[in-house]
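So the chains spell out like this:
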Amino acid sequence: MTPAGAPARSRSVAIAGLLAAGFVLLALLGSLVVPHDPLAVDLAHRFEAPTLAHLLGTDHLGRDILSRLIAGARTTLGSVLVVLALVLALGLSVGGLSGMLGGRIDAVLMRLCDVFLTVPTFVLALFMIGALGTGLVNVVAAIVLSHWAWYARIVRGLVLELKTRDYVLAARIAGAPRLAIFVEHVLPGVVPPLAALATLDIGHMALHVAGLSFLGLGVQPPTPEWGVMINDARAFFWTRPLLVIWPGLAIALAVLAFNRLGDALRDRLDPTLVAGRGL
Amino acid sequence: MTVRTLRAGGLAVETWRATRRGREPVPLVRDASLDLRTGEVLALVGASGSGKSLACAALLDTLPPGTRRTGGRILLDGAETEPAALRGRAVASVLQAPRTAFNPLRTIDDHAGETLAVAGLRGGAGRAAMREALAAVGLGDDPRVPGLYPFQMSGGMLQRAMIALALLSRAPFLVADEPTTDLDLVAQARILDLLADLVRERSLGLLIVTHDLGVVARLADRVAVMAEGRIVETGAAKSIFARPSEPATQALLAAHQALHEVAPDGPPAVTDLLP
Ligand SMILES: Nc1ncnc2c1ncn2[C@@H]1O[C@H](COP(=O)(O)OP(=O)(O)OP(=O)(O)O)[C@@H](O)[C@H]1O
Ligand SMILES: [Mg+2]
C-alpha cells in the first residue's frame, strides 16, 4: 500500500462514482430534463454554435445536441443494463447449475460455454444482423450471446471454490437441500465479485452498443444514440468537429467512470491486486 | 423409550491411482461395519490415516471429492435406508473444526433456521426449540448468542453451538468426528462432559471418533478399532482395554501409556481434570 497514492485514488473513485451515478440518473430520468425534443428537426437553425437556448449547439438537422445526448444515455446505457441483466441471469443459472451439480451436466454445460466463448461479438452481431436484420434487439441479443459464457465460467469457478468450504459440507451433512445451500452459502460468495465484474463490463458493453450502432447495425437514425450521433456527424467532421466530440466525450466518460468504479470494487474485494500494482 | 438402531454393514471406500495402464482403484476403507443404538456411545479409534473419517463420511454419503463408496448397506431400525436420507433427520453431525464449520457471514440464528427447515419446525415452535437447545449446551444464559456471528464467538462456544444445532435436528444419532481436537484442554473436558450428559438425558446414540483413549475410557460403552481401512476389533470398552487381542489395539494402548508415563509432570489426562 502506498499512503501517498491512496487519497488520489479514492478521489478518482469518488469522481467516477458521481459520474456513473449521473449517467444512470440521466438514463432513468433524462426524458424529464431534456431542454428540447431530441427528434425535433429545425432546418433554420442547423449547425448552431452553443448558445443559451442550445447549450451544446445543434446538429446538421437543427436538433438540440444536449437533448440528444441525454436521450442517448437512455438508449445506450439502458440497453447495456438489459444486456447485463440477461448475461447475469444466464451466467448465474448455467454456472450455478454446472458447479452445484457437477458430473455429466457440468461437462455438457461447459462444452456449450466453450462453443459460445469462441464467437467474437462483432462476428456474431454481423451474422445475426445479416440473418435477422438491423436493430437494437438483435444487437442486444448478439452481445448477450457472446458474453454470457464468460460469466457462467466465472460463476462455476466461484461455486466450485465455495463448495469446498467446511460450512458447505456442514450444511450438506445437516441435510439442507442443494438449492438452500446454494442460496444461503454459495450465492453470497458469488455476488460481490460478480458485481465488480459486471460494473467493469458496463463500459465495455456500452462500447459494443455504440460501436455497432456507429456501423449502422444497431440503433437506427433518427433514434438518439451516441454511436448513431457520431455516425451522423462523420460527414461534417472537418468543418464541425464538435458534433463528433460531444457524443465521443459522453462515451469516453461513461466507459472511464464505470471502469474506474469496477476497478475500485474489485480492489475492495481482492486487496492483493492493489498490493501487486504498487510494486 | 424404544431403542433405535443404526447399522452400517460392509462399508467400502476407494480412491484411484493413475498408472500406465489407466486408473487403478485403491481401497481406503474395507468392509467396515458399525452398530449404533440409542443411549449408547460407540468410540471409533485407530491410528491417523486408518480411515475413521472416511468411514463416518461413507455412512452419510458425504465423502470428499476423489473418493467414492463402493459398498455397504445402511439399516435404520432394521430397514435399508439411503445414506442421504439420514442427514439431519436420523443422524446429526458435529465436525472437528468449529471455526470453519460455520458460514462467517451468517449468525447462529441463520444456521439454526437452516437446521429447523430440515426438521420441519417453523415460527414460534422453532424459536422455542432453539432456546431449549442453546440452554441444553450451556449457551442459554447469554441472550446475544443467537445474533452473534461466528467470529464473535470462541472455539468452545462454537462447538457448543454446533452441538445445539445437532440437538435442534431432533436426530436420534450423533456422529462426532474428533469434536474436541481443536479445543484447549478445559474446553475439551467441558464438551466431553456435555456430550456424556446429552447421551444420558436424551438417550442419543453417539458415534465418536477420537485419538484419545482417555476419552474412550470416560465416555464409551463400546469401542471399534480401525487399522488400515478395516475394523479389526469391536467390543465392550472395558474388555478391550483389559484384553486387547489385536496388534493395532495393543499398539494404541502402549502409545497411550507411554505418553502418560514418560511425562508424569506433563499435562494431566483429560479424565484427571474432571470432578
Ligand atoms: N479425498 C481423498 N482422496 C484420496 N485419499 C484420501 C482422501 N481423503 C482421505 N484419503 C486417504 O484415506 C485414508 C484414510 O483417511 P481418513 O481421513 O479416514 O483417516 P483418519 O483415520 O480419519 O485419520 P485422522 O485420525 O488423522 O483424522 C488416508 O490414507 C488418506 O490418505
Ligand atoms: Mg479423521
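Residues numbered from 1 in each chain as written. Chains lettered and ligands numbered in written order. Predicted model: local features only at pLDDT ≥ 70, side-chain atom pairs only at ≥ 80, totals over all residues. Heavy atoms only, no water.

**Student:** How would you explain the site of ligand 1 if you had to name every residue and give the values?
**Tutor:** Residues and elements named next belong to chain B. Near ligand 1 you find 15 residues, and of these S48, G49, K52, S53 and H211 are the closest. Interatomic distance of 3.2 Å between a backbone N/O atom of S50 and an oxygen atom of ligand 1. Interatomic distance of 2.7 Å between a side-chain N/O atom of S53 and an oxygen atom of ligand 1. Surface burial for ligand 1 is 65%, taken as the share of its 630 Å² of free accessible area covered by protein chains. When residues of the shell around ligand 1 are assigned to their parent elements, the largest contribution, three residues, is made by helix α1 (residues 52-60). Grouping the constituent residues of the shell around ligand 1 by class yields five nonpolar, eight polar and two charged. (Near = heavy atom within 4 Å. Polar contact = N/O pair within 3.5 Å; in protein donor to acceptor, adjacent residues only side chain to side chain. Areas by Shrake-Rupley, 256 points an atom, 1.4 Å probe, with all protein chains shown as cover. Helix = DSSP H or I, 4+ residues; strand = E, 2+ residues; numbered from the N terminus. Nonpolar A, V, L, I, M, F, W, Y, C, P; charged D, E, K, R; others polar.)

**Student:** Please give an account of the UniProt feature "transmembrane region" (unreviewed entry) in chain A that cites residues and values.
**Tutor:** Residues and elements named next belong to chain A. What UniProt calls "transmembrane region" (unreviewed entry) maps, in this numbering, to residues 12-34, 77-101, 122-149 and 237-258. End C-alpha to end C-alpha, residues 12-34 measures 28 Å, and it is 96% helix and 0% strand. Along residues 237-258 the backbone is 77% helical and 0% strand, and the end-to-end C-alpha distance reaches 28 Å. (UniProt positions renumbered as here; feature names shortened; annotations may be inferred.)

**Student:** Which residues make up the pairing of strand β8 (residues 205-209) of chain B, and what values go with them?
**Tutor:** All names here are of chain B. Of all the five residues making up β8, five are buried; the element is thus mostly covered by neighbouring parts of the structure. Two strands pair when backbone bridges link them, and strand β3 (residues 41-46) and β8 are joined in this way by four bridges, in the parallel orientation. When the sheet's bridge partners are listed, A43 is paired in β8 with I208. Inspection of the sheet shows strand β7 (residues 173-177) paired to β8 by five bridges, in the parallel sense. Each residue of the ladder has a partner; that of L174, found in β8, is L206. Chirality of the crossover, the property in question, places the unit of β7, helix α7 (residues 185-202) and β8 among those that are right-handed. (Buried < 20%, exposed > 50% of the residue type's maximum accessible area, 1.4 Å probe, protein only. Pairing = 2+ DSSP bridges. Right-handed = clockwise from strand over helix to strand, strands pointing away.)

**Student:** Residues and numbers for the interface of chain A and chain B, please.
**Tutor:** With 14 residues of chain A in contact, the opposing surface of chain B contributes 21 residues. Summed over the shared surface of chain A and chain B, the result is one salt bridge. Our count for the chain A to chain B interface comes out at five residue pairs in polar contact (both at pLDDT 80 or more). At the level of secondary structure, the elements contributing two or more residues to the side of chain A that touches chain B comprise α6 (166-173) and α7 (178-214) of chain A. When residues in the side of chain A that touches chain B are grouped by element, the largest group, seven residues, is from α6 of chain A. Of the residues belonging to the side of chain A that touches chain B, the class tally is nine nonpolar, two polar and three charged. (Contact = heavy atoms within 4.5 Å. Salt bridge = Lys/Arg side-chain N within 4 Å of Asp/Glu carboxyl O.)

**Student:** Which residues make up the nonpolar core, and what values do they have?
**Tutor:** Residues L6, L44, L207 and I208 of chain B are the most contacted members of the largest nonpolar core, which totals 86 residues. For this core, the leading source of residues is helix α6 (residues 155-168) of chain B, giving nine residues. When neighbours within four sequence positions are excluded, L44 of chain B is seen to be in contact with L34, K52, C56, L207, I208, V209, T210, A224, M226 and I231 of chain B. One finds A20, F23, V87 and L217 of chain A within the second-largest nonpolar core, a separate group that totals 57 residues. (Core = buried A, V, L, I, M, F, W, Y, C linked by side-chain atoms within 4.5 Å.)

**Student:** Which residues make up the UniProt feature "domain: ABC transmembrane type-1" (unreviewed entry) in chain A, and what are the values?
**Tutor:** Under the local residue numbering, the UniProt record ascribes the feature "domain: ABC transmembrane type-1" (unreviewed entry) to residues 73-262 of chain A. This span, residues 73-262 of chain A, is 83% helix and 0% strand, and a straight line between its end C-alpha atoms measures 19 Å.

**Student:** Requested: an account of the UniProt feature "domain: ABC transporter" (unreviewed entry) in chain B, with residues and values cited.
**Tutor:** Using the residue numbers shown here, the UniProt feature "domain: ABC transporter" (unreviewed entry) corresponds to residues 13-253 of chain B. Helix makes up 39% of residues 13-253 of chain B and strand 28%, whereas the separation of the span's terminal C-alpha atoms amounts to 27 Å.

**Student:** Any chance you could break down the sheet that holds strand β5 (residues 79-80) of chain B for me, citing the residues and the numbers?
**Tutor:** All names here are of chain B. Taking strand neighbours across the sheet as the criterion, the four strands line up as β2-β1-β4-β5 in an open arrangement whose pairing is antiparallel. Sheet topology places β2 (22-37) and β5 at the edges, where each strand pairs with a single neighbour. Relative to β2, strand β1 (residues 5-19) runs antiparallel, the two sharing 12 bridges. What sits directly across from L6, in β2, is L36.

**Student:** Break down the sheet that holds β3 of chain B for me, with residues and values.
**Tutor:** Residues and elements named next belong to chain B. Ordered in space as β6-β7-β8-β3-β9-β10, the six strands form an open sheet in which the pairing is mixed. Since the sheet does not close on itself, it has two edges, and those belong to β6 (91-94) and β10 (230-236), each with one partner. Taking each pair of neighbouring strands and ignoring which way they run, the sheet shows an average axis angle of 20 degrees. Packing against the sheet, α7 makes contact with β3, β7 and β8, and its axis sits at approximately 155 degrees to β8. (Axes fitted to C-alpha atoms, helices over the stretch in contact; angles between N-to-C directions.)

**Student:** Can you lay out the environment of V190 of chain A for me, pointing to particular residues and giving the numbers?
**Tutor:** Residues and elements named next belong to chain A. Positionally, V190 belongs in helix α7. Counting along the chain gives 29 residues from V190 to E161, while the straight-line C-alpha distance between them is 10.0 Å. Setting aside residues up to four positions removed in sequence, V190 forms contacts with L92, V155, L158, V159 and L162.

**Student:** Talk me through the environment of L197 of chain A; I want residue IDs and the actual numbers.
**Tutor:** Residues and elements named next belong to chain A. Mapped onto the elements of the fold, L197 is located in helix α7. When the C-alpha positions of L197 and D64 are compared, they lie 35 Å apart, and in sequence the two are 133 residues distant. Sequence-distant contacts of L197, that is, excluding residues within four places in its chain, are made with Y151 and I154.

**Student:** Outline the packing of aromatic side chains, supporting the account with residue identities and numerical values.
**Tutor:** Remark: the centre distance and the inter-plane angle together describe each pair of aromatic rings, the angle taken between the planes. Summed over all chains, the structure comprises three aromatic pairs over all chains. Where F116 of chain A meets W148 of chain A, the ring centres are 5.2 Å apart and the plane angle is 65 degrees; that geometry is what we call edge-to-face. In this pair, F116 of chain A is assigned in helix α3 (residues 103-117) and W148 of chain A in helix α5 (residues 136-163), connecting sequence segments 32 residues apart. Residue class for F116 of chain A comes out partly exposed when judged on its relative accessible area of 24%. With 6.3 Å between their ring centres and 20 degrees between their planes, Y149 of chain B and F151 of chain B make a pair best called stacked. You can call Y149 of chain B partly exposed: its relative accessible area is 32%. Over the face of the ring belonging to W16 of chain B we find R23 of chain B, whose NZ or CZ atom lies 5.2 Å from the ring centre. (Phe/Tyr/Trp six-rings, centres within 6.5 Å; stacked < 30°, edge-to-face > 60°. Lys NZ or Arg CZ within 6 Å of the ring centre and 35° of its normal.)

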